[in-house]
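# Summary of structural features
Take a look at the letters that make up each chain.
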Amino acid sequence: MDLESALRGVGAIQIVVSGANAVLPGKLRYGEELSRVSPIIRQIFYVHHIYIAGTVLALGLVCLLAPEWLLGRDAASVAMRLFIAVFWTARIPIQIFYYDPAVKQENRALSGLFLLALSCVSITAWTAVWFGGTR
């Protein structure tokens, strides 16, 4: 598989991950849990949730729709490849070590699938960092 196709594939993965954020509020009972915090904390949480989901969607769209641009030699392309690689790689230890083990155990298959998705995106992004720039 060529790198452009791999980037399109991980673009689709990122779009799915972004979409999964739409079901998280119900699954994790955001409303119930956040009813105990002050309004500003609740507001900040929701804004951050939406911004992160939007960022993941945007990264996915760039990978899906413009992989040839991502593989360019210009500074913006290189910076974007590096950002995507660092963004997703940093998320792996958070998934493994930070999140509540009981919740991960309850959702073992989804947690494993998500970790696989993180790994695929990270590996592809680092491959693009090291072997991109041929255009």
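Attention here is on the structure that accompanies the text. Keep in mind the model is a prediction, meaning the values are calculated, not measured.

## Observations regarding the packing of aromatic side chains
- On inspection of all chains with the given rule, the structure shows 7 aromatic pairs.
- Taking 5.1 Å as the distance between ring centres and 85° as the angle between the ring planes, the aromatic pair formed by Phe-87 and Trp-88 counts as edge-to-face.
- The class of Phe-87 is partly exposed, set by a relative accessible area of 26%.
- Taking 6.4 Å as the distance between ring centres and 25° as the angle between the ring planes, the aromatic pair formed by Trp-126 and Trp-130 counts as stacked. Here the residue Trp-126 and the residue Trp-130 both occupy positions in helix α8 (residues 108–131), the gap between them amounting to 4 residues, near one helical turn.
- The exposure class assigned to Trp-130 is exposed, which follows from its relative accessible area of 64%.
- Among the aromatic residues, those joined into a ring-pair cluster are Tyr-30, Phe-45 and Tyr-46.

## Examining helix α4 (residues 39–65)
- Between its first and last C-alpha atoms α4 spans 38 Å; for 27 residues at 1.5 Å apiece the expected length is 39 Å, and the two agree.
- The inward-facing, buried residues of α4 contact α1 (3–20), α2 (24–27), α3 (30–34), α5 (67–70) and α6 (75–98).

Calculation criteria
- Residues numbered from 1 in each chain as written.
- Predicted model: local features only at pLDDT ≥ 70, side-chain atom pairs only at ≥ 80, totals over all residues.
- Heavy atoms only, no water.
- Phe/Tyr/Trp six-rings, centres within 6.5 Å; stacked < 30°, edge-to-face > 60°.
- Buried < 20%, exposed > 50% of the residue type's maximum accessible area, 1.4 Å probe, protein only.
- Helix = DSSP H or I, 4+ residues; strand = E, 2+ residues; numbered from the N terminus.
- Expected span 1.5 Å × (residues − 1).
- Contact = heavy atoms within 4.5 Å.

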